[in-house]
Amino acid sequence: MKWSPRIIFIVILMLGLGVVPLLADYFGEPFYTVMFSRMLILSIGAVSLNLILGFGGMVSFGHAVYLGIGSYMVGIGTMHAVEDGIEWMANGFLQIALAIVFSALAGLVIGAISLRTRGVYFIMITLAFSQMLYYVAVGNEKYGGDDGLSLYMRSDFNGLIDISNDNSLYYLNFVCLLLSLYLSHRLINSRFGMLIRGAKSNEQRMRAIGFPVFRYQLVAFVIAGTICGIAGVLSANQTEFVNPSVMHWTHSGELIIMTVLGGLGTLFGPVIGAVAFLFLEEFLSGITEYWQLFFGPMLVLVVIFARGGIDGMLVGLDQWWSRNSPVKNEEVD
Amino acid sequence: MLKVDSLFKSFGALLATDNLSFQVKKGDIHAIIGPNGAGKTTLIGQLTGEIESDSGSILFDGNNISGVPVHLRSAHGLARSFQITNIFHDLTTWDNVALAVQAHAGHSFHFWKNASKERELRQPALEFLGIVGLEKRAGFIAGLLSHGEHRQLEIAMALATNPKMLLLDEPMAGMGPKESLAMVDILIKLKHKLTILLIEHDMDVVFTLADRITVLVNGRGIATDTPDAIRKNPEVIAAYLGEESYHA
C-alpha cells in the first residue's frame, strides 16, 4: 500500500472513530459517543446499500426496511421479555439471528419481484415494498403502531458483552462496521463481486457471455438486506426506541444520500458519507432550524462537481498530489 | 454446424426475416452480405436468442436452440461480437476477458477468494488478449482504448467463452484501413480453428476471408455459394453487388 492523502485520510478517519469514546470521556462529553455511535450504525447501513447500489447498480429505494426489520426484532423481543417475563426473547444473539432470517426473507421476496424490472420501475417497486412494510408497522397496534415501542432494556448477550453501557455498545457497533467493511471487501473482489460489477457496467454483455445475471443479483440483494438488518438491531439498542418511521422512505433516501455523498462503489465511501451527513446535520441544525435549506444545495454541489462523492474528491487530490510530488515518476512515453 | 430452416420474423408489417434457410459448415468462415436493412442484424439477434423468431428452426451443433435463452446459447458454444462496441467500459481490458473466462468456469457463487488473483481466470484471459494482440493493453481501463482495440477486445471476450462458433456483427465497422487489416489478420489466424459467421459490409474483406457467402435481400436469402460463384450470380449482381462492386 502506498501512502497518499486519500489513504491517510481514511486511516485517520477509522482510527479516529476507534477512539471516540475515550476522547468523549476525557473531555466529559459523553453525548459525542452517542452521536458517533449513530454514525457507525448508519455507516453499516450505507455500506450494505453500497453493495447493491454502488457496485451492482441496483438503485433500491427501500433499504431502510431492513433497518426496520432488525429494529423490530429487538423491540418485539424486549417487549415480551419485559411485559410477559419471557426473558430469552431479550437475548441479543437470538435477535440478531432472527433479524438475519427475516431480512434475508424480505430481501428474497422484494428482490425476486423488483429485479425483474429495471431503472425507474425498480426504484418504484422497492419504494412500494418499503412503504407497504412501513404501513404494516403503523397499523400493528400490538407492537406500538404509530407510536412505536420504548425499550426498557437493551439486548442481553449472555453477559459476554454488556451493552447497557454506551461505550461498550459503541465498540460493538465499531466491530460490526469493521466486519461489514471486511466482508464487502472480500465480496466485491471475489468472482461473485466481479459478476455483480460487470452486470452494473453492461448487463446485456453479461448475458451474451453466458451469465445468468438475475440469480446473482438476487443473492447480492439478499446479502445487502441482511447486513442492514443487523444494523437495525444495533440501531434499536442505540436509541432504545423503535418506531415505524425508521422504515419510512425518507430514511431510505437518506441512506442513498449518504452513499452518494461519500462515494458510490468505493469501499470506504459510505462510511465517509454517513459521518459527513450526520456531522453536517448536527452542525447545521445547531445553527438554524432550516438546516436542510443549506444541506440541500451542498449536496447538489457535491453531485455536480464531484462525481465520485467525497471519496472521488480524495482520489482527485491523490492524482494532484502524485503529479506535484517531489519524487517525480519517470515519464512514460 | 449451424442449420437455419425457414426462419421468419416480422416487426409489424415489416418482414425482417422471410423464409430464410441456409447452412454453415464446420470450420468455415461463412459471410452474410446484403444491403442496409436486409435483416442481417435481426438474423444475428435470432441466432443469439435476443430476438424471438416467429417460426422456423435453428439447429446448432445438432441441437435445436430456438427458444433457448441467451445465456444458455452461450453455454452451447455460440459467441457473438456486437455491431456497436459492447464491453465493460469501467473495468480493465484484462478484467473484461477474465469475466468472459469466468462465465464458463462453473458457477460464480464464490464470495471470498480474490478473483483478480485467480490464475485459472487470469492466465487464459491473458492468452486470449495475446491472440488479438492486446496483451500490452491488459492493465488499461477498457473504456480508454481506441475503437479498433475495442473490437479486438470483443473478439477476445467472445473467444474466452470457448465457443464452437463465432458470430461477428460487422467487426470492421468504423475502423480505419490499418485497424481493418489488423482485424483481417486476426480472423485469418482463427480461420478453420472455429466456425465463424461473419456479417460485413466491406466486400474486399468478405471475398478475401469467406469460404461461403449467403446474400440477404429484404430478409430473404437469394443465394448461398462460394465467393467466386456469388460474384458471377446474376441475381446477386442485380440486387446488390452490381453497384457495390465498383466501390470496392
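Residue positions within a chain follow its written sequence, with the count starting from 1. A letter from A marks each chain and a number from 1 marks each ligand, given out in the order of writing. Given that this is a predicted model, residues contribute local features only at a pLDDT of at least 70 and side-chain atom pairs are listed and counted only at 80 or more, while totals for whole chains, interfaces and linings are drawn from all residues. The side-chain values count all of the structure's non-hydrogen atoms but skip hydrogen atoms and water molecules.

Per an unreviewed UniProt entry, chain A goes by the name Branched-chain amino acid ABC transporter permease and belongs to SAR324 cluster bacterium. UniProt positions are given in the numbering used here, feature names are shortened, and annotations may be inferred rather than shown by experiment. Check the Subcellular location (unreviewed entry) section of the UniProt entry for chain A; it says "Cell membrane".

What follows concerns the interface of chain B and chain A. In this analysis, two residues are considered to be in contact whenever any of their non-hydrogen atoms come within 4.5 Å of each other. Contacts between chain B and chain A engage 36 residues on the former and 26 residues on the latter. Put simply, buried area is how much 1.4 Å-probe accessible surface two parts lose in total, over both of them, once they are put together. When chain B packs against chain A, the two sides together hide about 2,800 Å² of surface, and 61% of this comes from carbon and sulfur. When a carboxyl oxygen of Asp or Glu is within 4 Å of a side-chain nitrogen of Lys or Arg, the pair counts as a salt bridge. Seen at the junction of chain B and chain A, the total is two salt bridges. Between A:Arg191 and B:Glu118 there is a salt bridge, with the nearest N and O atoms lying 2.8 Å from each other. For the purposes of these results, a polar contact is taken to be a pair of N or O atoms within 3.5 Å, where, inside protein, one atom must be able to donate a hydrogen and its partner to accept one; residues adjacent in sequence count only when each atom of the pair is a side-chain atom. One can count 19 residue pairs in polar contact (both at pLDDT 80 or more) joining chain B with chain A. The helix count covers DSSP runs of H or I at least four residues long, the strand count covers runs of E at least two residues long, and both are numbered beginning at the N terminus. Among the elements of the structure, helix H2 (70–76), helix H3 (93–103), helix H4 (119–131) and helix H5 (147–160) of chain B are those that each provide at least two residues to the side of chain B that touches chain A. No other element matches H3(B), which puts five residues into the side of chain B that touches chain A. Basically, the charged four are Asp, Glu, Lys and Arg, the nonpolar ten are Ala, Val, Leu, Ile, Met, Phe, Trp, Tyr, Cys and Pro, and anything else, Gly included, counts as polar. Of the residues that constitute the side of chain B that touches chain A, the class distribution is 16 nonpolar, 12 polar and eight charged.

Inspection of every chain in the model, using the stated rule, returns 15 salt bridges over all chains. Measuring nitrogen to oxygen at the nearest pair gives 3.3 Å for the salt bridge that ties A:Arg191 to B:Glu120. Residue A:Arg191 is found in helix H7 (residues 191–201), and its partner B:Glu120 is found in helix H4; the two belong to separate chains. The buried label goes to any residue with under 20% of its type's maximum accessible area, the exposed label to any with over 50%, and the partly exposed label to all in between, with areas taken from a 1.4 Å probe on protein chains only. Judged by its relative accessible area of 3%, A:Arg191 is buried. A residue is classified by how much of its surface remains accessible, and B:Glu120, at 53% relative accessible area, is exposed. Linking B:Arg80 and B:Asp169 is a salt bridge whose minimum nitrogen-to-oxygen distance equals 4.0 Å. Pair noted here: B:Arg80 is in strand E6 (residues 78–81) and B:Asp169 is in strand E7 (residues 165–169), with a separation of 89 residues, a long-range link.

Residues and elements named next belong to chain B. For strand E3 (residues 29–33), the tally of buried residues reaches five of five residues, placing the bulk of the element in the interior. Burial along E3 is two-sided: Ile29, Ala31 and Ile33 facing one way and His30 and Ile32 facing the other are all buried. Sheet analysis places E3 next to strand E8 (residues 195–199), joined by four bridges and oriented parallel. When the sheet's bridge partners are listed, Ile32 is paired in E8 with Ile199. Relative to strand E9 (residues 212–217), E3 is paired through four bridges, and the arrangement is parallel. Only strands that DSSP links by at least two bridges are regarded as paired with each other.

Another aspect to go through is the nonpolar core. Ranked by internal contacts, the top residues of the largest apolar core, which has 135 residues, are A:Leu17, A:Met206, A:Val271, B:Leu166 and B:Leu190. No other element matches helix H2 (residues 31–55) of chain A, which puts 14 residues into this core. Per the annotation, domain bounds derive from an automatic or database assignment of domains. Summarising the domain contributions, this core has at least three residues from each of domain 1 (1–77 + 164–248) and domain 2 (90–162) of chain B. Ignoring any residue separated from it by four or fewer positions in sequence, one finds A:Val271 in contact with A:Leu13, A:Met14, A:Leu17, A:Ser43, A:Val47, A:Leu177 and A:Leu181. In terms of nonpolar packing, the next biggest core, distinct from the first, is built from 22 residues, B:Ile44, B:Ile65, B:Met165 and B:Ile199 among them. Buried Ala, Val, Leu, Ile, Met, Phe, Trp, Tyr and Cys residues form a nonpolar core when they are joined through side-chain atoms within 4.5 Å.

Residues and elements named next belong to chain B. Here Thr92 is to be found in the loop between E6 and H3. By relative accessible area, which is 17% here, Thr92 ends up buried. Aside from chain neighbours lying at most four places away, what touches Thr92 is Ala138, Gly139, Phe140, Ile141 and Ala142.

Another aspect to go through is the domain arrangement of chain B. All names here are of chain B. Looking at the assigned domains, one finds that chain B contains domain 1 (1–77 + 164–248) and domain 2 (90–162). When each unit is reduced to the centre of its C-alpha atoms, the spacing between domain 1 and domain 2 is 26 Å. Each partner contributes residues to the interface: domain 1 has 17 residues there, and domain 2 has 14 residues. Buried surface at the junction of domain 1 and domain 2, summed over both partners, amounts to about 1,100 Å²; 66% is from carbon and sulfur atoms. Put simply, domain 1 and domain 2 have zero salt bridges between them. For the pair domain 1 and domain 2, the number of links is five residue pairs in polar contact (both at pLDDT 80 or more).

Once that is clear, we can look at the sheet that holds strand E5 (residues 63–64) of chain B. The strands making up a sheet are joined through hydrogen bonds of the backbone, oriented either antiparallel or parallel. Residues and elements named next belong to chain B. Reading across from one edge, E2-E1-E4-E5 is the order of the four strands in this open sheet, with antiparallel pairing throughout. Either end of the sheet is taken by a strand with one partner, and the two such strands are strand E2 (14–24) and E5. Summarising the sheet, strand E1 (residues 2–11) and strand E4 (residues 55–60) pair through five bridges and their orientation is antiparallel. What sits directly across from Asp5, in E4, is Ser57. To get an axis, a line is fitted to the C-alpha atoms, and for a helix only the part in contact is used. The angle between two axes follows their N-to-C directions and goes from 0 to 180 degrees. Here helix H1 (residues 40–48) sits on the sheet and contacts E1, E2 and E4; the angle it forms with E1, its principal contact strand, is near 115°.

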